[in-house]
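Report on the structure
Below are the chains, spelled out letter by letter.
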Amino acid sequence: MPVTVRGLEGIVAAETRIGDVRGEEGVLLYCGYDINELAGKVSYEEVVYLLFNDRLPNKTELAQITQALRAEREVPQGVIDFLKTVPKGASPMDVLRTAVSMLGCYPTNRPNLAMSEDHAIAIKLVSQIGILAAYFHRARQGKALPEIRKDLGEAAHFLWLMTGEEPVAEAVQTLDVAYVLHAEHGFNASTFTARVVASTESDMYSAISAAIGALKGPLHGGANEGVIQMLHEIGSVEAVDAWVADALAQKKKIMGIGHRVYKVLDPRAPHLKEMAVKLSLKLGEPKWIQMSERIAEIMKAEKKLNANVDFYSATVYYSLGIPTDLFTPIFAIARMSGWTAHVLEQSANNRLFRPLSEYTGQPYGRKFVPIDQR
């Protein structure tokens, strides 16, 4: 007899060589590397190569993937026009989802790249998603769009496009590490969504557009926005205890606390916490990290729950001066490498996802009644 498992918890849906989340141990693997072996030691470009090729690049290969990414930074004019004309109050995630879908209307012609068309599209999507987010942000402010540059890495280029100013090294390093930490996370909701779409043999743009839609949800990528909103609502370190006590009494969800898979500390959280502490102290606004640490202490003591990656990434992005509604788009920028790697893997050894369902509706045998007799 088929077994019904709500949310597919504990169900193995497919095999993958890309990433592994070991929740009981608090371990996250990228192609066999513990995340602690990578964070702060490799660049995001190296992680892109790793996820696509199952190994870290040598110097020549890193130069090749870097060149390939930078070569794809020319966004089609039609997409740029859309970013300029979309309502300024639109959700950045809605804009990203639509813009990625629009990219599918334009050809990807990279004959000098020795790779499949889907692989070339993956490179283009990793390269362009940050440009889409930054350009929309500039356009909604009524500001000019900075020129595309090909002398900057992925993190530095995003910061350049956001501000039009040369990014400082510390900010670049911080965002680069954040990209590395968010690049891959097993069969999370958005990645699984991308693989389900890919399993129908639809195109990569459709799969990634669907993934962005899944990431938007507050139970997935949208949680980091909720963290900053929560901190602003609390207001001060002195108000934390009473606010959390009241929230728990009302059975409210504390954003950024707990995780569906990790039963112990999220291994990404300590890296982001360290960066959050440094940035908060440097910028003279230590209260955000102080409030966060106090919330984490209470939740650990009261509910035996740990802070997750969203909890500290929110403070990191806020300290970098990034608007709250761009927190989840940054998640999408980093995760694009993981999403596209999974789509490539699914397509290489495909099997259509078609689960069963348990019917709980009206009993079998209902009879049709003409409308004038109902």
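Just so you know, these numbers come straight off a predicted model, no measurement behind them.

1. Some points on the sheet that holds strand β1 (residues 19-22)
In space, the 3 strands of this open sheet follow the order β1-β2-β3, with antiparallel pairing throughout. Both outer strands of the open sheet, β1 and β3 (33-34), are each paired with one neighbouring strand and no more. Pairing geometry for β1 and strand β2 (residues 27-30), over 4 bridges, is antiparallel. Paired with valine 21 across the bridge in β2 is leucine 28.

2. Quick look at the pairing of β2
Side chains of β2 alternate between two faces, with Val27 and Leu29 and Leu28 and Tyr30 buried alike. Here β1 hands over to β2 after 4 residues, with glycine 26 in that stretch at a positive phi of 70 degrees. Where β2 and β3 come together, 2 bridges link them in antiparallel fashion. Counterpart to leucine 29 in the pairing with β3 is aspartate 34. Linking β2 back to β3 in an antiparallel pair, the connection comprises 2 residues, with cysteine 31 at a positive phi of about 50 degrees.

3. Looking at the packing of helix α3 (residues 59-71) against helix α6 (residues 117-140)
Running from amino to carboxyl end, α3 crosses α6 at an angle of 70 degrees, the nearest separation of the two axes being 8 Å. Classed by the angle they form, the pair α3 and α6 counts as roughly perpendicular. Both α3 and α6 take part in a crossing whose hand is right-handed. Every residue of α6 that contacts α3 at Ile65, Ala68 and Leu69 is listed here: Ile123, Val126 and Ser127. The residue inventory of the contact of α3 with α6, partitioned by class, reads 5 nonpolar, 1 polar and no charged.

Definitions and limits used
- Residues numbered from 1 in each chain as written.
- Predicted model: local features only at pLDDT ≥ 70, side-chain atom pairs only at ≥ 80, totals over all residues.
- Heavy atoms only, no water.
- Pairing = 2+ DSSP bridges.
- Helix = DSSP H or I, 4+ residues; strand = E, 2+ residues; numbered from the N terminus.
- Buried < 20%, exposed > 50% of the residue type's maximum accessible area, 1.4 Å probe, protein only.
- Axes fitted to C-alpha atoms, helices over the stretch in contact; angles between N-to-C directions.
- Parallel < 35°, antiparallel > 145°, perpendicular 65-115°, else oblique.
- Left-handed = near helix turned anticlockwise from the far one by under 90°.
- Contact = heavy atoms within 4.5 Å.
- Nonpolar A, V, L, I, M, F, W, Y, C, P; charged D, E, K, R; others polar.

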